Amino acid sequence: MSLKMPETVLLGTGYEVPEKILTNHDLEKMVDTNDQWIQERTGIKERRIASSDLTTSELCTRAARKALQDANLQPEDIDLILIGTVTGDALFPSTACYVQEKLGACNAAAMDLQAACAGFLYVSTVADAFIISGKAKVVLAIGGEILSRIVDWNDRSTCVLFGDGAGAAIWGAANDSGKGIIDTYMKSDGRLTELLCSYGGGTNYPMQEAIEKNVQFIQMQGQEVFKSAVRAMSEAVLTILKKNDLTGDDIDVLIPHQANIRIMNATVRKTKIDENKVYVNVDRFGNTSAASIPIALAEARQSGAIKAGQLVLLVSFGGGFTWGSLLLQL
Ligand code: UT7
C-alpha cells in the first residue's frame with residue numbers, strides 16, 4: 001500500500017458536550033414515544049442538551065482549548081479558525097469570531113462555513129487547502145451545534161434524534177512523516193434541500209414570519225433522508241478508496257457521521273467494510289450534526305480506540321444535501 005505524502009497533519013483534538021443528559025425515558029414523558037422505538041430505529045439511548053445560558057461559541061471554545069492543549073500550542077499560533085455550524089450564536093457575526101475573541105487567538109482570521117452535518121469534513125478540507133497553498137500553517141477546525149434550540153420538542157419524528165456538542169481539531173503543516181490527510185472528497189446536491197432544512201431567520205422566512213408559518217424548526221422527511229444518506233456516504237467511501245487504490249480492508253477505523261446506527265450499518269454493508277471497524281457513539285450523543293465527526297474523532301483518540309499508525313476514514317452526510325469523506329493517516 002503506497003499512499004500520497006500528506007501535507008496537513010492532525011496536531012490535536014478536543015471535544016465538549018453539555019452536562020445535562022436527556023434519556024429516551026425522559027423523552028417518553030415529553031412526546032408519544034418509547035425507549036424501544038428510539039433504540040431500534042436509531043441506536044440512540046441518550047443525548048446531551050445545553051442549558052439556556054450556554055452558547056455554541058462557548059462549547060466550541062471549550063473544545064478548542066482542549067485541542068490546543070493536546071497539540072501543545074497557544075491561541076496566538078492559530079492562523080485561521082473555521083467553524084462548521086447551523087446553530088451559530090447569531091446570523092452574524094460568525095461564531096468563529098466569538099471563538100477568536102474567547103480564545104484570544106490574536107493572529108487568526110475567522111469564519112463560519114455552513115454544510116450542515118458535513119460541516120466538519122468541509123472545514124477540514126478547506127483547512128487542508130489553506131495549508132497546502134501555504135496561506136496558513138495552523139488551522140483550528142471546529143464542528144459545533146446547539147440543535148436543541150431549533151428542534152420542535154412537540155415533533156416526535158425529529159426531537160428524539162438530535163443532541164448538542166462541539167469537537168475541534170488542529171490541523172498543521174506536515175513534515176515528511178507520512179502522517180496526515182491523504183485525501184478529501186466533497187459533494188453536494190441542492191435539488192433536495194427541502195428534505196432536511198430549518199427556515200427560521202433566513203431571508204426567505206424572516207424570524208417573525210417563520211414563527212407565524214411555524215417553519216422555524218428542523219424539518220425532515222426521515223425515510224428519504226435515510227436512503228440518500230446511505231447512498232451518499234457509500235459513494236463517498238468507495239470514491240476515496242478507489243482514488244487511492246485502497247479497499248475497505250486497508251481501513252483500520254471508519255468514523256461515520258453519527259446520525260443513526262442503521263445508516264452506519266447499511267453503509268458498511270454496501271462498502272464491504274468490516275462492521276467491527278466502525279466507531280460508534282450515537283448511543284450516547286445522538287445526532288450532533290457538524291459536531292458529530294469531530295466529537296467522535298477526539299473521543300476515539302482520547303480513549304485509544306484509534307492510534308498512531310492507523311488509517312482512519314471519516315465520512316459524513318447532511319442537509320443541502322452535502323456529503324464527503326476524508327482519509328487520515330494517524
Ligand atoms: O444528520 C443527517 C440527516 N438525518 C438523518 O440521517 C436521519 C435519517 N432518517 C432516519 O434516521 C429515520 O428515517 C428516522 C429515525 C427519522 C425514522 O425512522 P423510520 O424507520 O424511517 O420511521 P418512519 O418515519 O417510517 O416512521 C415509522 C412509524 C410511523 O408510524 P406509522 O405511520 O407507521 O403508524 C411514525 O409515526 O414510527 C412513527 N414514529 C415514532 N414512533 C415512536 C416516528 N417517530 C417516532 C417516535 N416514537 N419518536
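Residues numbered from 1 in each chain as written. Predicted model: local features only at pLDDT ≥ 70, side-chain atom pairs only at ≥ 80, totals over all residues. Heavy atoms only, no water.

(A) Quick look at the pattern of salt bridges. For the structure shown, the criterion picks out 11 salt bridges. Here Asp32 and Arg156 are joined by a salt bridge, their closest N and O atoms 3.6 Å apart. Here Asp32 is found in the loop between helix H1 (24-28) and helix H2 (35-42), whereas its partner Arg156 is found in helix H6 (residues 156-159), with 124 residues between them in sequence. Two residues, Asp189 and Arg191, come together in a salt bridge whose shortest N-O distance is 2.8 Å. Because the salt bridges share partners, they merge into one network encompassing Glu16, Glu58, Arg62, Lys66 and Lys102. (Salt bridge = Lys/Arg side-chain N within 4 Å of Asp/Glu carboxyl O. Helix = DSSP H or I, 4+ residues; strand = E, 2+ residues; numbered from the N terminus.)

(B) Geometry of the pairing of strand S4 (residues 80-84). Of all five residues that make up S4, five are buried, and the element is covered over most of its length. As paired elements, S4 and strand S5 (residues 109-113) share five bridges and run parallel to each other. Bridge pairing in S5 places Gly84 opposite Leu113. Remark: the S4/helix H4 (residues 95-103)/S5 crossover connection has right-handed handedness. By the bridge criterion, five bridges tie S4 to strand S6 (residues 138-146) in an arrangement that is parallel. Directly across from Gly84, in S6, lies its bridge partner Gly143. (Buried < 20%, exposed > 50% of the residue type's maximum accessible area, 1.4 Å probe, protein only. Pairing = 2+ DSSP bridges. Right-handed = clockwise from strand over helix to strand, strands pointing away.)

(C) Examining the site of the ligand more closely. Around the ligand sit 23 residues, and of these Thr33, Arg41, Gln223, Asn260 and Asn287 come closest. Between a nitrogen atom of the ligand and a side-chain N or O atom of Thr33, the distance comes to 2.7 Å. Side-chain polar atom of Arg262 to an oxygen atom of the ligand: 3.1 Å apart, as the coordinates give it. Relative to its unbound accessible surface of 960 Å², the ligand loses 74% to contact with the protein. When contributions to the shell around the ligand are tallied by element, the ones reaching two or more residues are H2, H6, helix H8 (222-243) and helix H9 (261-271). (Near = heavy atom within 4 Å. Polar contact = N/O pair within 3.5 Å; in protein donor to acceptor, adjacent residues only side chain to side chain. Areas by Shrake-Rupley, 256 points an atom, 1.4 Å probe, with all protein chains shown as cover.)

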